[in-house]
Amino acid sequence: MPRSVMVLGAGMVGVSVALHLRRRGCDVVLVDRQGPGEGASFGNGGLIQREAVYPHPFPRALGELMRIARNQAIDVHYHPLALPGFVSPLLRYWWNSEPERYLRAVLAYSRLIATCVDEHLALARDADAMALLRPIGWMRLYGTAKALEAAAAQAEAAQRDYGINHRLLDGRALAAAEPHLLVTRAGAIHWTDPLSVSDPHALTLAYAGMFTGEGGTLATGDAATLARAGSGWRVQTADGPVEAESAVIALGAASARITRSFGYAPPTFGKRGYHMHYTLQGNAVLHTPFIDVDSGFLLAPMRAGIRLTTGAEFAREDADPSPIQLERAEPVARGLLPLAERVEDKPWMGTRPCTPDMLPIIGPIPGQQGLWAAFGHAHQGLTLGPTTGRLLADMITGAAPFLDPTPYAPVRF
Ligand SMILES: Cc1cc2nc3c(=O)[nH]c(=O)nc-3n(C[C@H](O)[C@H](O)[C@H](O)COP(=O)(O)OP(=O)(O)OC[C@H]3O[C@@H](n4cnc5c(N)ncnc54)[C@H](O)[C@@H]3O)c2cc1C
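Procedures and definitions
- Residues numbered from 1 in each chain as written.
- Predicted model: local features only at pLDDT ≥ 70, side-chain atom pairs only at ≥ 80, totals over all residues.
- Heavy atoms only, no water.
- Pairing = 2+ DSSP bridges.
- Helix = DSSP H or I, 4+ residues; strand = E, 2+ residues; numbered from the N terminus.
- Axes fitted to C-alpha atoms, helices over the stretch in contact; angles between N-to-C directions.
- Contact = heavy atoms within 4.5 Å.
- Salt bridge = Lys/Arg side-chain N within 4 Å of Asp/Glu carboxyl O.
- Buried < 20%, exposed > 50% of the residue type's maximum accessible area, 1.4 Å probe, protein only.
- Near = heavy atom within 4 Å.
- Polar contact = N/O pair within 3.5 Å; in protein donor to acceptor, adjacent residues only side chain to side chain.
- Areas by Shrake-Rupley, 256 points an atom, 1.4 Å probe, with all protein chains shown as cover.
- Nonpolar A, V, L, I, M, F, W, Y, C, P; charged D, E, K, R; others polar.

**Student:** Give me the lowdown on the sheet that holds strand 22 (residues 361-364), citing residues and values where you can.
**Tutor:** Read across the open sheet, the six strands follow the order 10-2-1-14-23-22; overall the sheet is mixed. Strand pairing shows two members of the sheet lacking a second neighbour, strand 10 (217-220) and strand 22, which therefore form its edges. Taking each pair of neighbouring strands and ignoring which way they run, the sheet shows an average axis angle of 20°. In this sheet, strand 14 (residues 246-249) lies alongside strand 1 (residues 4-8) in parallel orientation, the contact comprising four bridges. By the bridge assignment, Leu8 is partnered in strand 14 with Ile249. Where helix 12 (residues 381-397) meets the sheet, it contacts strand 1, strand 14, strand 22 and strand 23 (371-375), and its direction lies at approximately 15° from that of strand 22.

**Student:** Now, about the pairing of strand 22: what can you tell me, with residues and values included?
**Tutor:** In this structure, strand 22 lies alongside strand 23, joined through four bridges in antiparallel fashion. Each bridged residue has a counterpart across the sheet, and for Ile362 the counterpart in strand 23 is Ala374.

**Student:** An account of the pattern of salt bridges is requested, with residue identities and associated values reported.
**Tutor:** In the structure shown here, the tally under the stated rule is 20 salt bridges. Arg22 serves as the salt-bridge partner of Asp27, at 3.9 Å between the closest nitrogen and oxygen. Given the relative accessible area of 22%, Arg22 is considered partly exposed. Glu327 is the partner of Arg342 in a salt bridge, and the nearest nitrogen-oxygen pair spans 3.5 Å. Linking Arg342 in strand 20 (residues 339-342) with Glu327 in helix 11 (residues 324-336), this pair joins segments that are 15 residues apart in sequence.

**Student:** Which residues make up the sheet that holds strand 13 (residues 240-244), and what values do they have?
**Tutor:** One key point about sheets: their strands pair by backbone hydrogen bonds, in either a parallel or an antiparallel sense. The sheet built from three strands is open, its strands ordered 11-12-13 with antiparallel pairing. Only two strands of the sheet have a single neighbouring strand rather than two, namely strand 11 (227-229) and strand 13. Strand-to-strand twist of the sheet, defined as the mean angle between neighbouring strand axes without regard to direction, takes the value 40°. Of the strand pairs in this sheet, strand 11 and strand 12 (residues 232-237) are connected by three bridges, and their pairing is antiparallel. Looking at the pairing, Arg228 lines up with Trp233 of strand 12.

**Student:** Mind laying out the site of the ligand, listing which residues take part and the relevant values?
**Tutor:** Around the ligand sit 34 residues in total, of which Asp32, Gln34, Ser41, Ala378 and Thr383 are the nearest. At 3.3 Å from an oxygen atom of the ligand is found a main-chain nitrogen or oxygen belonging to Met12. Here an oxygen atom of the ligand sits 2.7 Å away from a polar atom, N or O, in the main chain of Ala378. For the ligand, whose free accessible area comes to 1000 Å², the fraction covered by protein is 96%. Here the shell around the ligand is composed, by residue class, of eleven nonpolar, 19 polar and four charged.

Next up, the structure:
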């Protein structure tokens with residue numbers, strides 16, 4: 001077991017890895033160029049998605065592809081000039097979404113997802129952060145009886161195959177549950193296992209606070225300065241160089257940029273997303289986060305207001321924010337709920353760190369003694385941070401991994 005480890009990247013994943021390693025007795029330095037939780041972990045939809053055993057596949061139906069290709073959708077948007085850079089990973093993503101291969105991904109993913117709520121609760125209890133975790137689940141709303149019926153059949157299958165719980169609401173039950181909804185819908189699937197975080201940034205900060213409280217060190221530095229130092233690793237920080245026997249790359253969407261200089265270039269890609277908060281008119285309330293499936297964005301009650309988070313945008317890594325999806329979503333959202341003012345002047349943007357086989361990259365980086373990966377958590381990095389933290393800490397410290405890490409091994413790319 002290494003005595004010292006540096007964890008590069010203080011998002012939900014890096015903070016969780018650092019915390020688990022510290023709890024195993026390692027000297028841990030957690031390095032980020034910003035404060036903890038200021039990347040994608042800051043502004044996500046706040047769902048700890050116990051139901052997310054099916055990772056997001058690449059659409060394979062022609063009609064769906066045509067809809068996206070027109071570039072007028074709310075849920076998906078792309079910068080045409082960025083597309084050449086996405087061709088290779090998206091082709092692999094499409095290939096891995098073929099039904100049989102997708103089923104293998106689901107099996108591997110469902111094992112990771114299975115303990116996500118327990119892993120969070122274990123950390124949140126110790127971090128005195130339970131108030132941030134609301135056991136309210138979230139809902140998907142369906143416009144037609146046919147769509148609701150199909151969703152109900154899928155939900156039954158998820159219950160049977162993976163033990164995922166739900167409630168089926170008809171239109172009347174939905175209206176009673178959310179009396180300020182401005183539309184009528186055929187009904188909803190209410191996933192009852194997930195937790196909804198009222199402030200994802202505060203949750204990452206709470207875990208980071210527990211890490212430093214238990215003797216871990218936070219440092220400001222740029223992971224681009226990572227270099228070999230004998231058999232270990234060195235990174236430059238504001239307090240001078242830091243060395244450790246092992247290093248963990250947990251840089252979210254920026255991870256492959258750093259691993260590439262050490263000969264490991266996984267075909268990762270980013271899906272950008274935006275958020276904006278709104279106040280509600282009068283004494284209106286929203287009790288449960290929801291996606292109205294025909295609209296394609298999430299509305300979630302948060303500490304800061306009703307958070308609207310958008311779907312996937314494909315753009316060059318260095319491209320300026322282009323919150324077109326938010327502009328398209330906002331009028332639709334105003335038709336769903338009595339939203340009042342925008343809370344912020346400009347939208348927040350973050351990037352989901354994605355892999356073409358829909359599985360995160362967790363484990364030893366090939367050919368580099370003491371270099372470890374913890375990235376690629378795509379749509380569920382908030383959900384999976386503590387699970388990955390525990391699994392990677394098992395592996396780094398030489399304990400028996402609490403679940404088989406083979407499907408997530410970096411060596412597969
Ligand atoms: C709109 C949106 C909604 C989402 N909703 C959900 C949801 O409801 N539930 C869910 O589970 N997930 C959700 N996600 C996904 C989730 O937010 C991410 O998967 C997760 O935050 C990734 O965590 P991370 O720690 O890997 O990366 P990040 O949180 O991005 O952290 C990476 C860190 O690395 C640092 N860094 C980068 N480069 C360097 C460098 N060179 N030097 C030093 N530090 C560096 C950054 O500053 C950052 O702090 C959503 C994402 C988006 C965009």
